[in-house]
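The chain contents come next:
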Amino acid sequence: MNCESKKYRRIVIKIGSNVLTREDGRPDTTRISALVDQIAGLYRAGVEVILVSSGAVASGRSVLEPRVGRIDTVSARQLFSAVGQVKLLNRYYDLFNEYGIVCGQVLTTKESLSTRRQYLNQRNCMEAMLAAGVVPIVNENDTISVTELMFTDNDELSGLVAAMMDTEALIILSNIDGIYDGSPADPASQVIRRVAPGRDLSQYIDTARSSRGRGGMTTKSRISSRVAGEGIEVVIANGRRDGILTDLVLTGRDVVCTRFEAAPRPASGVKKWIASSEGFAKGALHLDAGAAAAISQSKAASILAVGVTAVEGEFERDDIVRILSPEGAPLGVGRISCDSATARRNLGRKGLKPLIHCDYLYLE
Ligand SMILES: Nc1ncnc2c1ncn2[C@@H]1O[C@H](COP(=O)(O)OP(=O)(O)O)[C@@H](O)[C@H]1O
Ligand SMILES: N[C@@H](CCC(=O)OP(=O)(O)O)C(=O)O
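Note on numbering: residues in each chain are counted from 1, in written sequence order. Note on labels: chains are lettered from A, ligands numbered from 1, in written order. The predicted nature of this model means local features are confined to residues of pLDDT at least 70 and side-chain atom pairs, given and counted, to a pLDDT of 80 or more, with totals for whole chains, interfaces and linings taken over all residues. Hydrogens and waters are ignored; side-chain quantities use all the structure's heavy atoms.

- The name given to the chain in an unreviewed UniProt entry is Glutamate 5-kinase, and the organism recorded there is Alistipes intestinihominis.
- You can read under Pathway (unreviewed entry) in the UniProt record for the chain the words "Amino-acid biosynthesis; L-proline biosynthesis; L-glutamate 5-semialdehyde from L-glutamate: step 1/2."
- UniProt positions are given in the numbering used here, feature names are shortened, and annotations may be inferred rather than shown by experiment. What UniProt states about the chain under its Catalytic activity (unreviewed entry) heading is, verbatim, "L-glutamate + ATP = L-glutamyl 5-phosphate + ADP".

1. Looking at the packing of helix α5 (residues 116-131) against helix α6 (residues 154-164)
Each pair of packed helices gets described by two things: the angle between the helix axes and the distance between those axes.
Consideration 1: Lines fitted to the C-alpha atoms define the axes, with helices restricted to the stretch that makes contact. Angles between their N-to-C directions range from 0 to 180 degrees. Each helix is a run of H or I in the DSSP string that is no shorter than four residues. Each strand is a run of E no shorter than two, and both are numbered from the N terminus. In contact at an axis separation of 11 Å, α5 and α6 are set at 75° when each is read in the N-to-C sense. When the interaxial angle is binned, α5 and α6 end up roughly perpendicular. Taking contact as the criterion, the partners of Tyr119, Gln122, Arg123 and Met126 in α5 are, on α6, Val161, Ala163 and Met164.
Consideration 2: Gly is put with the polar residues, along with every residue not named as nonpolar or charged; the nonpolar set is Ala, Val, Leu, Ile, Met, Phe, Trp, Tyr, Cys and Pro, and the charged set is Asp, Glu, Lys and Arg. A class-by-class count of the residues in the contact of α5 with α6 yields five nonpolar, one polar and one charged. Just so you know how the angles are binned, under 35 degrees is roughly parallel, over 145 roughly antiparallel, 65 to 115 roughly perpendicular, and the rest oblique. Contacts: residue pairs with any heavy atoms within 4.5 Å of one another.

2. With respect to the site of ligand 2
Consideration 1: Note on definitions. A residue lies near a molecule or strand when any single heavy atom of the residue is within 4 Å of it. Among the 13 residues in the neighbourhood of ligand 2, the closest are listed as Lys14, Ser17, Ser54, Asn139 and Asp142.
Consideration 2: Polar contact criterion, stated in full: a pair of N or O atoms within 3.5 Å, where within protein one must be able to donate a hydrogen and the other to accept it, and residues adjacent in sequence count only if both atoms are side-chain atoms. Here an oxygen atom of ligand 2 sits 2.8 Å away from a polar atom, N or O, in the main chain of valine 57.
Consideration 3: Between ligand 2 and asparagine 139, the relevant distance is 2.8 Å, taken from an oxygen atom to a side-chain nitrogen or oxygen of the residue.
Consideration 4: Within the shell around ligand 2, the residues separate by chemical class into two nonpolar, seven polar and four charged.

3. Concerning the pairing of strand β7 (residues 233-238)
Consideration 1: Think of it in three bands: residues with accessible area under 20% of the maximum for their type are buried, residues over 50% are exposed, and the middle band is partly exposed, with areas taken using a 1.4 Å probe on protein chains only. The buried fraction of β7 is high, at six of six residues.
Consideration 2: With burial as the criterion, each face of β7 is covered, one bearing Glu233, Val235 and Ala237 and the other bearing Val234, Ile236 and Asn238.
Consideration 3: Should DSSP find at least two bridges between two strands, the strands are regarded as paired. Looking at chain direction, strand β5 (residues 169-174) and β7 are connected through six bridges and run parallel. Within β7, the residue paired with alanine 169 across the bridge is glutamate 233.
Consideration 4: Where β7 meets strand β8 (residues 258-260), three bridges bridge the pair, whose relative direction is antiparallel. Paired with valine 234 across the two strands is phenylalanine 260, which belongs to β8.

4. Some points on empty space enclosed by the protein
Consideration 1: Using only the protein atoms, space was sampled on a 1 Å grid; points where a 1.4 Å probe fits but cannot get out form cavities, open sets with protein on both sides within 12 Å along at least five of seven lines form pockets, and lining residues are those with an atom within 4 Å of a point. Grid points are joined across faces, edges and corners, and a volume is the space filled by probe spheres set on the points. If you walk through the whole model with that rule in mind, you get two cavities of 30 Å³ or more.
Consideration 2: The computed volume of the largest cavity comes to approximately 70 Å³.
Consideration 3: As for the largest cavity, its lining consists of Glu156, Gly159, Leu160, Ile223, Arg226, Val227, Glu230 and Ser276.
Consideration 4: Elements with a contribution of two residues or more to the lining of the largest cavity: α6 and α7 (216-229).
Consideration 5: When grouped by side-chain class, the residues that make up the lining of the largest cavity number three nonpolar, two polar and three charged.
Consideration 6: Considered as a void within the structure, the second largest cavity measures approximately 50 Å³ in volume.
Consideration 7: Around the second largest cavity, the lining residues are Leu20, Thr21, Gly25, Arg26, Pro27, Ile32, Gly55, Ala58, Ser59 and Leu88.
Consideration 8: Its residues assigned to classes, the lining of the second largest cavity comprises five nonpolar, four polar and one charged.

5. Here's the deal with helix α8 (residues 244-251)
Consideration 1: For α8, the full list of buried residues reads Ile244, Leu245, Asp247, Leu248 and Val249.
Consideration 2: Against the buried residues of α8 lie β1 (10-15), α2 (29-44), β5, β7 and β8.
Consideration 3: Trailing α8 by a residue or two, glycine 252 shows a phi angle of about 85°, which is positive.

6. Let's talk about the UniProt feature "binding site: substrate" (unreviewed entry) in the chain
Consideration 1: UniProt feature "binding site: substrate" (unreviewed entry): in the numbering of this structure it lies at Ser54, Asp142 and Asn154. Across 101 residues, the annotated set stays spatially compact, with a maximum C-alpha separation of 10.9 Å.
Consideration 2: With sequence-adjacent residues up to four places away left out, serine 54 is seen in contact with Lys14, Ile15, Gly16, Ser17, Leu20, Leu88, Asn139 and Asn154.
Consideration 3: Within the secondary structure, asparagine 154 sits in helix α6.

7. Thoughts on the pairing of strand β9 (residues 283-287)
Consideration 1: Along β9, five of the five residues are buried, which leaves the element largely enclosed by surrounding structure.
Consideration 2: The alternating pattern of β9 places Gly283, Leu285 and Leu287 and Ala284 and His286 on opposite faces, both of which are buried.
Consideration 3: By the bridge criterion, four bridges tie β9 to strand β11 (residues 320-324) in an arrangement that is parallel. Bridging from a neighbouring strand, histidine 286 pairs with leucine 324 of β11.
Consideration 4: Judged from the four bridges that link them, β9 and strand β10 (residues 308-312) form a sheet pairing that is antiparallel. Paired with leucine 287 across the strands is valine 308, a residue of β10.

8. Points about unusual backbone geometry
Consideration 1: A positive phi angle, close to 55°, is found at aspartate 166, a residue other than glycine.
Consideration 2: Mapped onto the elements of the fold, aspartate 166 is located in the loop between α6 and β5.
Consideration 3: Here aspartate 166 falls in the partly exposed class, since its relative accessible area comes to 46%.
Consideration 4: The phi angle at aspartate 318 is positive, at roughly 75°, despite the residue not being glycine.
Consideration 5: Positionally, aspartate 318 belongs in the loop between β10 and β11.
Consideration 6: Given the relative accessible area of 36%, aspartate 318 is considered partly exposed.

Listed below in structure tokens is the structure:
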């Protein structure tokens, strides 16, 4: 089956470190330039493109490694990204400029997307850029994002951006044609061309990571399933193949890739945010059997204090909390309508406003 082409209104393109870096660790300027040529083509054809580009650390490492001595991993990442991000964006700026296209930098952290207000600020910024015809180039702010609150990698970030910006597709470019049904090194393995919503590919994926990438194929597959489940088509393709973006988006030439079909019913904007916010959850609600059955059977069911048996952790009103079954299994996440002290005080009580309204509930 082909990876058929389609003209999209708005897409996110994520470019992995492996695509932008040569084997010897130096930036692959020819490849970056070829990708910008294609993105300029999409731009001219009226497709709004948001670029999520890795490569800052690799780019900075190539400049600094020869001159820094012993340095711990966190400092190295901070140092390399501080220098590499400037170098990377300068290159993008010059290349886009040749087409009369202006690009701009958006640096973010997982923490700065954790409240709805900051999330909306970021979205507003990128909407303003797109409205002005500016191509946003997004990366994690690696200089300050050093704790457990880091994104797993830019695949996770790109999934969040795709949902936040209400895009129709996310194209993840790596150094491989897609997800293989066995070891990519085994000649008998083939690229899985189509993935239906909800299909689990974990059995095929070698969890070892590449030397330059951060999350590896495991995150790519997990994020792709989640994003497709939110109604956004996801394509994993080889960024080193000539003309890959043009073929995927404009010409319709047959090109090998893995395509995750979008689930039919896109979630509402706020649900997309909640769905992607699992990593920021501050606490948890344990449901009784009745409440667990009610939310799984009806999309309109909210979580009421009467059906909650325990509250874990400390949280504020509007924070994201996890929802657990009576056995402790994860059921989903939601935005809580009160702080943890109030939730504890009201446990088991009837007739109160829902702890989580169904509009702010995302079930797995
Ligand atoms: N089943 C599989 N199919 C394809 N690639 C796989 C599979 N299992 C593991 N991989 C590895 O995942 C790598 C791509 O992930 P990653 O290193 O994170 O890339 P990037 O830097 O582009 O984000 C491939 O180079 C490949 O070695
Ligand atoms: N923010 C880092 C990217 C880390 C990362 O996620 O890399 P990759 O797995 O290659 O997309 C950088 O710019 O170097």
